[in-house]
Amino acid sequence: MTTKKILVTGGAGYIGSHTCVALLQAGYEVLVLDNFSNSKAESLRRVETISGKKVPLVQADVRDREALRDVFRQHSIAGVIHFAGLKAVGESVAEPLKYYDNNVSGSVALAQVMAEFGVQVLVFSSSATVYGDPAQLPIREDFPLSATNPYGGSKLMVEQIYGDLAASDATWQIALLRYFNPVGAHSSGTIGEDPNGLPNNLMPFVSQVAVGRREFLNVWGDDYATIDGTGVRDYIHVMDLAEGHVRALAWLQNQSGAHVFNLGTGRGFSVLEMVKAFELASNKPVPYRISPRRPGDVAAVYADASKAERELGWKAVRDINAMCQDAWHWQKQNPVGYPD
Ligand code: UD1
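Since the structure is predicted, the reported quantities are computational estimates derived from the model, not experimental observations.

About the criteria used
Residues numbered from 1 in each chain as written. Predicted model: local features only at pLDDT ≥ 70, side-chain atom pairs only at ≥ 80, totals over all residues. Heavy atoms only, no water. Helix = DSSP H or I, 4+ residues; strand = E, 2+ residues; numbered from the N terminus. Rg over C-alpha atoms; globule rule 2.2 N^0.38 Å. Buried < 20%, exposed > 50% of the residue type's maximum accessible area, 1.4 Å probe, protein only. Contact = heavy atoms within 4.5 Å. Areas by Shrake-Rupley, 256 points an atom, 1.4 Å probe, with all protein chains shown as cover. Lys, Arg positive; Asp, Glu negative; His and termini not counted. Charge placed at Lys NZ, Arg CZ, Asp CG, Glu CD. Pairing = 2+ DSSP bridges. Axes fitted to C-alpha atoms, helices over the stretch in contact; angles between N-to-C directions. Near = heavy atom within 4 Å. Polar contact = N/O pair within 3.5 Å; in protein donor to acceptor, adjacent residues only side chain to side chain. Nonpolar A, V, L, I, M, F, W, Y, C, P; charged D, E, K, R; others polar. Phe/Tyr/Trp six-rings, centres within 6.5 Å; stacked < 30°, edge-to-face > 60°. Parallel < 35°, antiparallel > 145°, perpendicular 65-115°, else oblique. Left-handed = near helix turned anticlockwise from the far one by under 90°.

Caption draft 1: Structural context of the overall build of the chain. Per the secondary structure count, the chain includes 11 helices and 13 strands. In terms of overall dimensions, the chain is globule-like: its C-alpha atoms have a radius of gyration of 19 Å, near the 20 Å expected for 340 residues. Here the C-alpha coordinates of the chain stretch approximately 55 × 45 × 40 Å along the principal axes. When burial is assessed residue by residue, the chain has 56% of its 340 residues classed as buried. In the chain, once contacts between residues fewer than 6 apart in sequence are set aside, the share between residues at least 24 apart is 80%. Only carbon and sulfur atoms are counted for the fraction: they give 50% of the accessible area of the chain, which is about 14300 Å². In the chain, 31 side chains carry a positive charge and 36 a negative one; their mean positions are 4 Å apart.

Caption draft 2: Main features of the sheet that holds strand S3 (residues 57-59). In space, the seven strands of this open sheet follow the order S3-S2-S1-S4-S5-S6-S11, with parallel pairing throughout. A strand with exactly one partner marks an edge of an open sheet, and here the two such strands are S3 and strand S11 (257-263). Pairs of neighbouring strands in the sheet enclose a mean axial angle of 20 degrees, with direction left out of account. Two strands pair when backbone bridges link them, and strand S6 (residues 173-179) and S11 are joined in this way by seven bridges, in the parallel orientation. Looking at S11, one finds that Tyr 179 is bridged to Leu 263. Relative to strand S2 (residues 29-34), helix H1 (residues 14-25) is tilted by about 165 degrees, and along the sheet it contacts strand S1 (5-9), S2, strand S4 (79-82) and S6. Sheet strands touched by helix H8 (residues 238-252): S1, S4, strand S5 (121-127), S6 and S11. Its angle to S6, the strand with the most contacts, is close to 160 degrees.

Caption draft 3: Examining the site of the ligand more closely. In the vicinity of the ligand there are 18 residues, among which Leu 202, Asn 218, Arg 233, Arg 294 and Asp 297 approach most closely. Tyr 151 places a side-chain nitrogen or oxygen 3.4 Å from an oxygen atom of the ligand. For the ligand, an oxygen atom lies 2.6 Å from a polar atom in the side chain of Arg 233. Contact with the protein chains covers 86% of the free accessible surface of the ligand, which is 740 Å². Class assignment of the residues belonging to the shell around the ligand gives a composition of eight nonpolar, seven polar and three charged.

Caption draft 4: Looking closely at the packing of aromatic side chains. For the structure shown, the criterion picks out six aromatic pairs. Aromatic pair Phe 124 and Tyr 162: ring centres 5.6 Å apart, planes at 85 degrees, arrangement edge-to-face. Of the two residues, Phe 124 is situated in strand S5 and Tyr 162 in helix H6 (residues 150-168); the sequence distance between them amounts to 38 residues. There is no split in this pair, since Phe 124 and Tyr 162 are both buried.

Caption draft 5: Just the packing of H1 against H8, in detail. At a closest axis distance of 8 Å, the pairing of H1 and H8 adopts a crossing angle of 60 degrees. Considering their axes alone, H1 and H8 lie oblique with respect to each other. Both H1 and H8 take part in a crossing whose hand is right-handed. Across the interface between the two elements, Tyr 14, Ile 15, His 18, Thr 19, Val 21, Ala 22 and Leu 23 from H1 touch Val 238, Met 239, Leu 241, Ala 242, Glu 243, His 245, Val 246 and Leu 249 from H8. Residue composition of the contact of H1 with H8, grouped by class: 11 nonpolar, three polar and one charged.

Caption draft 6: Structural view of the pairing of S5. Burial of S5 is extensive: seven of the seven residues sit out of reach of the surface. Of the two faces of S5, the one lined by Val 121, Val 123, Ser 125 and Ser 127 and the one lined by Leu 122, Phe 124 and Ser 126 are each fully buried. Direction of pairing for S5 relative to S6: parallel, over a ladder of seven bridges. When the sheet's bridge partners are listed, Ser 126 is paired in S6 with Arg 178.

Distances and angles like these do not, on their own, reveal function.
Right, dumping it as structure tokens:
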């Protein structure tokens, strides 16, 4: 790489902001493109404080080809990490076109403009949701793929599109990273997950109960075939995930083609195990009620994370206590998230 400036689309968001910290720590420069549809610029000011480095920002939509061209004209970009996209499963069912437009059209526009400027190093933010309801555990990268909702469909389509692109032209260097369940926050407690409205995901909901913003947690089902009947997931600390992106980017320098990696810990924890760990870390009670299963949920999902370890030399190192402590640290210091 002649320059080490990385364009991070969606860099103000939860995973994006933590990845900016990891990139800056590893000696990269970053440039963030974000439309703030589900994030705030304050997260980037805090990334600057953590890292002691500047985070230049372009406020634009990833579907806006002219804005993208301006970025590539004005900056010497070595590679792109592409987070920008929508991620709420329920909303994707109600508004599928919004999801396909943002997530699929946005990813196509980005790759087209990258190609125009000869920038062909790309890390894409995919999801374990592409495995649908897995027939076997732990989940390996070569397992069958399926989509159970438009959000998952959009991730699957972009993987397909980027795979076809890499097959058409060997100068592309693409990593498709399938995240399991990202949780936690930077250990400073200054950046973290700041969902709009009622959280869909477990850990932000648990944090809001612990901090007193919500009365109790609904546990969606306790009759699954798991250790205690509640759903099992592979929770991964967001800083481990962020560091996985940095490793993938470095690894891509000597690769060609599109490469898929699970980013998880390889271990599953139940909802009730997570609640207990959070209570311990926060020293706050997390009252809960058992409620009916949430439609679309599956009993258990966890990764075989060995490919990333073997090929990227990366593995998650932070345990669930660190995940809960750091999530709590963020929530306690920022009970209503980032200020407006
Ligand atoms: C969800 C999405 C997935 C997406 C991911 C992104 C669904 C069905 N799946 O994954 O497509 O990639 O978020 O972050 O929405 N739980 C409760 N009470 C709650 C919330 C969750 O009991 O209030 C349980 C769930 O039933 C599940 C576990 O906690 O067993 C984790 O849920 P969640 O954090 O929403 O993640 P996923 O469903 O795994």
